[in-house]
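Residue-level listing of the chains:
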Amino acid sequence: MNWLKSMIKQREFMIFLIVTLLFVVMIFASPYFLSTGNILAVLLGLSLEAIIAVAMAHLMVSGGFDMSVGSIVAFTGAITAMTLKAGLPIPLAVIIGLLLGAAIGLFNGFVIAKIGINPFVTTLSSLSLFRGLTLIVTRGQNITGLPKAFKAIGQAKIVGIQTPIIIAAVLIILGDVFLRKSRFFRQSYYIGGNEKSARLSGIPVDKMKILAYVLTGLFAAISGIVMTARLGSASVTAGSGMELRVITAVIIGGASLQGGEGSVLGAFLGTFLMALITNALTLLGVDVYWQTFVIGGTLLTAVLIDTLTKKYKALG
């Protein structure tokens, strides 16, 4: 029975049970829930946030978080679209967008790790900076008329499955394997658990923290480029509120705001649960404006569970 007790203590297992329970309830509540079209729509809807959640899980394990990912999605999508409109080849435009996302992550990481400014203040500033810069470079106008070959990145299907779902699945699998099995990336758990001890152990804490922000910026850029391709245009409002949904999903999946805990699999399950809740509200005819309220309530519940769990463990 020890294995059962061990499984129940795992946040991923508990989230899996909640997802399964919600699945069963919705099967009886709506005849459309289990249709292939609805399931693919749920997976497609969560795919862009799941891509960012992979890197956000790693970042939160190391004790950080990034409020600017939604703005990076919009900014990198807009710049990629503008370079395509200027006549640059698709691979070069995509590389520019990816490098831009990584550069923004480098900026955030450097300010936090080297200058010592709080992650919340730094990334909240970046959120405003790059949302504003998106509006400046686009003059507040969506960018349309992108090449068909570029749109295929987000609109093509492989054996009936949309490419954003496949891209997200590949990144989730790779991210989970690297964070669980790679000695290099597992150093982030030591940094998040006790940064001072990690420094004394010889772990390059500053470099690892900067790398975590670079990866988060890079994955946000991947999401931004895929979103632009899927929509066939770069929207100035792309990614609005995405940071809140991604951080909520990662916390639900077992990550802690204090660092040292979490996994990519848990982050995906958290993202999946959030998408299922949104889908259930839509199928049950709940007003769309309630969805933001529910997301806020879910975040508060997740943080309360995290805090109470830590207090319970501290009491032994």
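For the structure, check the block above.
Every value quoted in this text rests on a predicted model; they were computed, and no experiment measured them. (Residues numbered from 1 in each chain as written. Predicted model: local features only at pLDDT ≥ 70, side-chain atom pairs only at ≥ 80, totals over all residues. Heavy atoms only, no water.)

### A look at helix 9 (residues 183-193)
Moving on, step 1. Along helix 9, the positions that sit buried rather than exposed are Phe185, Gln187, Ser188, Tyr189, Ile191 and Gly192.
Moving on, step 2. For helix 9, the N-terminal capping position is held by Ser182, with its side-chain oxygen 3.3 Å away from the main-chain nitrogen of Phe184. (Buried < 20%, exposed > 50% of the residue type's maximum accessible area, 1.4 Å probe, protein only. Helix = DSSP H or I, 4+ residues; strand = E, 2+ residues; numbered from the N terminus. Polar contact = N/O pair within 3.5 Å; in protein donor to acceptor, adjacent residues only side chain to side chain.)

### With respect to the packing of aromatic side chains
Moving on, step 1. Inspection of every chain in the model, using the stated rule, returns six aromatic pairs.
Moving on, step 2. Considering the side-chain rings of Phe65 and Phe120, the 6.4 Å spacing of their centres and the 45° angle between planes classify their relative orientation as tilted. Taken together, the residues Phe65 in the loop between helix 3 (36-61) and helix 4 (69-85) and Phe120 in helix 6 (residues 119-138) connect sequence positions 55 residues apart.
Moving on, step 3. Accessibility expressed as a relative area gives 17% for Phe65, which makes it buried.
Moving on, step 4. On the numbers, 5.2 Å between centres and 85° between planes, the contact of Phe184 with Phe185 is edge-to-face. (Phe/Tyr/Trp six-rings, centres within 6.5 Å; stacked < 30°, edge-to-face > 60°.)

### Here's the deal with the environment of Thr307
Moving on, step 1. Mapped onto the fold, Thr307 is located in helix 14 (residues 290-314).
Moving on, step 2. Since its relative accessible area comes to 35%, Thr307 is described here as partly exposed.
Moving on, step 3. Taking the C-alpha atoms as reference, Thr307 lies 8.6 Å from Ser256; in sequence the two are 51 residues apart.

### Structural notes on the packing of helix 8 (residues 163-181) against helix 11 (residues 205-231)
Moving on, step 1. With their axes 11 Å apart at the nearest point, helix 8 and helix 11 run at an angle of 165° to one another. Taken as axis vectors, helix 8 and helix 11 run roughly antiparallel relative to one another. Crossing geometry of helix 8 relative to helix 11 is assigned as right-handed. Contacts between helix 8 and helix 11 pair Pro164, Ile167 and Leu171 from the former with Phe219, Ile222, Val226 and Arg230 from the latter. (Axes fitted to C-alpha atoms, helices over the stretch in contact; angles between N-to-C directions. Parallel < 35°, antiparallel > 145°, perpendicular 65-115°, else oblique. Left-handed = near helix turned anticlockwise from the far one by under 90°. Contact = heavy atoms within 4.5 Å.)

### Focus on the environment of Val54
Moving on, step 1. Within the secondary structure layout, Val54 lies in helix 3.
Moving on, step 2. Ignoring any residue separated from it by four or fewer positions in sequence, one finds Val54 in contact with Leu171, Ile172, Gly175, Phe219 and Val264.

### Thoughts on the side chain of His58
Moving on, step 1. One can find His58 in helix 3.
Moving on, step 2. At 2.9 Å, the side chain of His58 forms a polar contact with the side chain of Ser188.
Moving on, step 3. In this structure, His58 is in contact with Leu179, Phe185, Ser188, Ala212 and Leu215, ignoring residues within four places of it in sequence.

### Considerations on the nonpolar core
Moving on, step 1. Counting 61 residues, the largest nonpolar core has Met56, Met60 and Val250 as the members making the most contacts within it.
Moving on, step 2. No other element matches the 14 residues that helix 3 contributes to this core.
Moving on, step 3. Membership of the second largest hydrophobic core comes to ten residues, among which are Leu84, Ile143, Leu146 and Phe150. (Core = buried A, V, L, I, M, F, W, Y, C linked by side-chain atoms within 4.5 Å.)

### Here's the deal with the packing of helix 3 against helix 12 (residues 242-252)
Moving on, step 1. Relative orientation of the contacting elements helix 3 and helix 12 amounts to 60°, with a least axis distance of 9 Å. In terms of axis orientation, helix 3 runs oblique to helix 12. Both helix 3 and helix 12 take part in a crossing whose hand is right-handed. Along the contact surface, helix 3 presents Leu48, Glu49, Ile52, Ala53, Met56, Ala57 and Met60, while helix 12 presents Met242, Arg245, Val246, Ile247, Val250 and Ile251.
Moving on, step 2. Classifying every residue of the contact of helix 3 with helix 12 gives eleven nonpolar, no polar and two charged. (Nonpolar A, V, L, I, M, F, W, Y, C, P; charged D, E, K, R; others polar.)

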